[in-house]
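# Observations on the three-dimensional arrangement
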Amino acid sequence: MKRKAPFSARLRFGSLKLRIAVVYAALFATILAAVLLIAGNGIARFGETSASRDLAANARVFDEIIELRAKQMRGAADVLSRDFGFREAVATDDQATLESALVSLRQRSRSDAAFVVGLDGSMTGSSAAALPPVEQLWDALDGGRERGIIRIGDKLALAAASPIEVPDTIGWLVLAQPLDAAEMDRLSRLAAVDIHARVLRASQLPAALARAPLGEITETGDGERVLHHVTALPALQDGVRPRLVLDHSLSKALGEYSGLQWLLAALAAAGLTLVVVMSWRVARTITRPLSALDTATRLIGEGKDAKVEVTSDDEIGRLGASFNAMVAAIAERERQITHVALHDGLTNLPNRKLFVEQLDNALARRRDSDRLMVVYVDLDDFKVVNDTLGHPAGDALLRDVAVHLQAVLDGAVVARLGGDEFAILIGDLPADANLAALADKLQSCFDRSIMIDGNQADASASMGIAVAPSDGADGITLMKNADLALYRAKRDGKSTYHFFEQSLDEQARHRRQMELDLRLAIRDGGFELYFQPLYSLQEEKLKAFEALIRWPHPERGMISPADFIPLAEETGLILPIGEWVIREACRQAASWPGDLSVAVNISPKQFVSQGLAATVLSALSSSGLPASRLELEITESIFIANVERTLESLHSLRALGVRIALDDFGTGYSSLSYLRSFPFDKLKIDQSFVRDLAAGGNANAVIRAITTLADALGMETLAEGVEDAAQCQILRQEGCGQIQGYLLSRPIDARAVHGFIAGMTDDGVSEERLRA
């Protein structure tokens, strides 16, 4: 006999709707509990791992900061230890000079101590506290150790030592800065996590940390869990044994995740409640006959139209109505998706894909006697609008241009290809149509100004035009040729147009080949530096050389920078090229005698890159060239976009100790506010003014005004392109401090620089040559 379930059980679970709801809720609750358990443990382990990783990462950062500071101190000490007067004072035991120099060095470097240790065991220094005994420093200094920790009074300090050589070592100049609690707290605040840093002697470490292996993470604490990282620091004094100790509260770090765990619990409870409710509703809806819906669904899956007949307003009726609404929504959504896929979201114009389809269709319909015009349009100075008025203003300008083109060019296809580029398709042109007049009409569409939020914006544009069938019989060829014509129009100047010519295709191939050759030259080191001397008329001596890049192509010979620098700017290759120039110029200049400097041109794109300061610092460090012997030349165009950011970058470069010169002054976007905001070291007068000196115009007055302004602002002046003695004499009379040009020398390669320097007389260039 079959055993029947009790009546109460049948009443409770005899309904399919109830069974489905209970099963769904129970399954979800089980899975949710497991997920919460796993997530809780995972969050705890993640927090511990993250805290340890953060502490280890910050320990490396602290080591690098201390190492960098030591190098900076060594650099400051090297400047003084290599000074001839200072070495003479050490050699002659001139205490007054030594004390004055050490006090000055200590004040400039903001150090606690600066002292000299002699070979005879003597010590002369300036310090806020007691200096360490000489005998405890002797072994480290005599062994050639350059940096380490010493004791100044009862505090530990970071010290850097520089040998004093004449040429043999006669002593060491030591510079020390404190690593007390205040300094370590300041460094701790730079960390991304809450860290307490301190520098202790090994004998001062707590027992738990004294036993901890160096460089590894150690955990201590009963109530509060704390992570520790102990690192050995180099010592410049015997018996110090310094240790860098970093502490990070693991309890606090894990406490930040407690809110997440509570949030997970709340979400779980809400999810469980939601699942119970939804399970009941789903169970209620799926227990009804679904054959009609099943049939309609199959038809929809086959791509056919289907609609469910609704005969009631119960669950089946509502489900049928919902299904019908869903089918209608899907059809509308597909229409919208198709529209979005083929139109630009900002201007609602056809995008590139739809334009290509419309172009192909127009070409297929074109009669043999008709012509078809494809126009590529690029707005002039659109980036300036974005940078000065903001991206919303740029978007408003694009929308205005789109609306205006659609209104004026009735019957033409207008599309936005991306950015500030548009495309125009004009078909059914008779063979005798005046294409130049049509191009002028198109150009006039952009000869207007637009008011955006009370600001006037220029809507001028450059256009490239290709005509079928003469410039191509297919869409791909026509669009490529129109793009080439646009590139030529942009090179010819703003607000102009250019028809495609076969030579443009050849120029594009030539340009592509040159780009490939540039990449090979960057990879294989195919560039050379030439140098042109800079001469001081006031001091009558050679002051520096300007580094000028040259490209000796293995097949085409020497290629002018005027040919490949614009391409390098456009393709972004100017960044690796510019970095190589900085490094090579510093390397070459480091071998020059005396205080001769090297000047390097910095392109606008290189200036706005993030790594310029790091590149300069690395080049100076690797070459050993003092920062004061490097001069960076920039042009006024860098001030166009973001003046505040430009000034911030200039000050960061100045902080490295290099000199900053403003090149081609007077030909670009000159503004006295720039000169007031940033004190340039030098203004380079453009050679166009120098060439006009002999014409008897106002060039003399312009140069006199520039030199007077520069003198008032404490800046040097240099005139470029000086080719004859008459120009030199006028420049001398007008107060110009330095000259550069063929009068002195053409650019010479690196091998000839030393010979040129040796050929100079002690008084510089002869007066006969400058006054001939």
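Presented here is an overview of the structure given in this document.

Moving on: the overall build of the protein. A count of helices and strands for the protein gives 28 helices and 26 strands. At a minimum sequence separation of 6, the contacts of the protein that also span at least 24 residues come to 64%. With the model as given, the accessible surface of the protein reaches about 40,200 Å², and the carbon-plus-sulfur share is 54%.

As a further point, take the nonpolar core. Core analysis: the largest hydrophobic core is formed by 76 residues, its most contacted members being Leu630 and Phe680. Setting aside residues no more than four positions away along its own chain, Phe680 makes contact with Ile634, Phe639, Leu650, Arg654, Ile660, Ala661, Leu662, Tyr674, Leu675 and Met715. One finds Val90, Ile164, Leu179 and Leu244 within the second-largest nonpolar core, a separate group that totals 40 residues.

Further remarks concern helix 13 (residues 382–389). Counting along an α-helix, one turn takes 3.6 residues, and residues three or four places apart therefore face a common direction. Buried within helix 13 are the following residues: Phe382, Val385 and Asn386. On an axial view of helix 13, the arc spanned by its buried residues comes to 95°, and they lie on one face. Summarising the contacts, the buried residues of helix 13 are in contact with strand 10 (370–379), helix 14 (391–408) and strand 14 (455–458). Immediately beyond the C-terminal end of helix 13, within one or two residues, lies Gly390, with a positive phi of roughly 100°.

Given a rise of 1.5 Å per residue, 15 residues ought to cover 21 Å, and the 21 Å separating the end C-alpha atoms of helix 4 (residues 95–109) matches this to within 8%. Every buried residue of helix 4 is listed here: Leu98, Ala101, Leu102, Leu105 and Ser109. When helix 4 is viewed along its axis, its buried side chains cluster within an angular range of 100° and face the same direction. Exposed residues on helix 4 whose side chains face more than 90 degrees from its buried face are Ala96 and Gln107.

So, about the pairing of strand 13 (residues 449–452). Because side chains alternate across strand 13, one face comprises the buried residues Ile450 and Ile452, and the other comprises Ser449 and Met451, none of which is buried. Looking at chain direction, strand 13 and strand 14 are connected through four bridges and run antiparallel. Of the residues in strand 14, the one forming a bridge with Ser449 is Asp458. Counted along the chain from strand 13 to the antiparallel partner strand 14, the turn is two residues long, and its residue Asp453 has a positive phi close to 55°.

This part covers the packing of aromatic side chains. Tallied over the entire structure, the rule returns nine aromatic pairs. With 6.2 Å between their ring centres and 45° between their planes, Phe527 and Trp580 make a pair best called tilted. Of this pair, Phe527 sits in the loop between helix 17 (502–524) and strand 17 (528–536) while Trp580 is found in helix 19 (residues 574–589), placing the two residues 53 residues apart along the sequence. Residue placement shows Arg550 over the ring face of Tyr530; its charged tip is 5.8 Å from the ring centre. Seen from the ring of Tyr742, Arg746 lies directly overhead, with NZ or CZ sitting 4.0 Å from the centre.

Note the cis peptide between Val166 and Pro167, where omega equals 0°. Take Pro167: it is sitting in the loop between strand 4 (155–165) and strand 5 (169–178). The step from Ala468 to Pro469 runs through a cis peptide bond, and the omega angle for that step is 10°. Inspection of the secondary structure puts Pro469 in the loop between strand 15 (461–468) and helix 16 (475–492). Positive phi is not limited to glycine here, since Asn348 has a value of about 65°. If you trace the backbone, Asn348 turns up in the loop between helix 11 (315–342) and helix 12 (352–365).

Time to look at the environment of Glu579. Along the chain, Glu579 turns up in helix 19. Each C-alpha atom, one on Glu579 and one on Ile602, is 9.5 Å from the other, the two residues being 23 residues apart in sequence. Among all residues touching Glu579, those that are not within four sequence positions of it are Gln606 and Thr615.

Once that is clear, we can look at the layout of surface pockets. Its boundaries defined by the atoms lining it, the second largest pocket holds a volume of some 1,300 Å³. Lining the second largest pocket we find 30 residues, and of these Lys71, Gln72, Gly75, Ala76 and Ala627 sit closest to its centre. The set of elements that each furnish at least two residues to the lining of the second largest pocket consists of helix 2 (16–81), strand 5 and helix 21 (612–623). Tallying contributions element by element places helix 2 first for the lining of the second largest pocket, with eleven residues. Here the lining of the second largest pocket is composed, by residue class, of 13 nonpolar, nine polar and eight charged.

Let us now look at the packing of helix 3 (residues 84–92) against helix 4. Between two packed helices, what matters for the description is the angle formed by their axes and the separation of those axes. Remark: helix 3 packs on helix 4, axes separated minimally by 8 Å, with the N-to-C direction vectors making an angle of 135°. Taken together, helix 3 and helix 4 sit at an angle that is classed as oblique. The handedness of the crossing between helix 3 and helix 4 comes out as left-handed. In this structure, helix 3 uses Phe86, Ala89 and Val90 to contact helix 4, whose residues at the interface are Thr97, Leu98, Ala101 and Leu102. Among the residues forming the contact of helix 3 with helix 4, the class breakdown is six nonpolar, one polar and no charged.

Here the focus is the sheet that holds strand 8 (residues 226–232). Through backbone hydrogen bonds, the strands of a sheet pair up, either in parallel or in antiparallel fashion. The strand order across the open sheet formed by four strands is 6-9-8-7, and the pairing between neighbours is antiparallel. Two strands close off the open sheet at either side, each with one partner strand: strand 6 (196–201) and strand 7 (217–220). Across the sheet, the mean angle from the axis of one strand to that of its neighbour is 30°, orientation sign disregarded. Two strands pair when backbone bridges link them, and strand 8 and strand 9 (residues 242–249) are joined in this way by seven bridges, in the antiparallel orientation.

Further remarks concern the pattern of salt bridges. All chains considered together, the criterion is met by 27 salt bridges. Salt-bridge contacts for Arg198 lead to Asp247; the nearest nitrogen and oxygen are separated by 2.9 Å. One end of the pair, Arg198, is in strand 6; the other, Asp247, is in strand 9, and 49 residues separate them in sequence. For Arg198, a relative accessible area of 23% gives the class partly exposed. Across the pair Glu515 and Arg512 runs a salt bridge whose closest N-O atoms are separated by 3.4 Å. Taken together, the positions of Glu515 and Arg512, both in helix 17 and three residues apart, correspond to about one turn of that helix. Taking relative accessible area as the criterion, Glu515 reaches 9% and is therefore assigned buried. Among the residues examined, Arg512 registers a relative accessible area of 43% and is labelled partly exposed.

Criteria and cut-off values
- Residues numbered from 1 in each chain as written.
- Predicted model: local features only at pLDDT ≥ 70, side-chain atom pairs only at ≥ 80, totals over all residues.
- Heavy atoms only, no water.
- Helix = DSSP H or I, 4+ residues; strand = E, 2+ residues; numbered from the N terminus.
- Contact = heavy atoms within 4.5 Å.
- Areas by Shrake-Rupley, 256 points an atom, 1.4 Å probe, with all protein chains shown as cover.
- Core = buried A, V, L, I, M, F, W, Y, C linked by side-chain atoms within 4.5 Å.
- Buried < 20%, exposed > 50% of the residue type's maximum accessible area, 1.4 Å probe, protein only.
- Arc of directions from axis to C-beta.
- Expected span 1.5 Å × (residues − 1).
- Pairing = 2+ DSSP bridges.
- Phe/Tyr/Trp six-rings, centres within 6.5 Å; stacked < 30°, edge-to-face > 60°.
- Lys NZ or Arg CZ within 6 Å of the ring centre and 35° of its normal.
- 1 Å grid on protein atoms, 1.4 Å probe; cavity = no way out; pocket = protein on both sides within 12 Å on 5 of 7 lines; lining within 4 Å.
- Points joined across faces, edges and corners; volume = space filled by probe spheres on them.
- Nonpolar A, V, L, I, M, F, W, Y, C, P; charged D, E, K, R; others polar.
- Axes fitted to C-alpha atoms, helices over the stretch in contact; angles between N-to-C directions.
- Parallel < 35°, antiparallel > 145°, perpendicular 65-115°, else oblique.
- Left-handed = near helix turned anticlockwise from the far one by under 90°.
- Salt bridge = Lys/Arg side-chain N within 4 Å of Asp/Glu carboxyl O.

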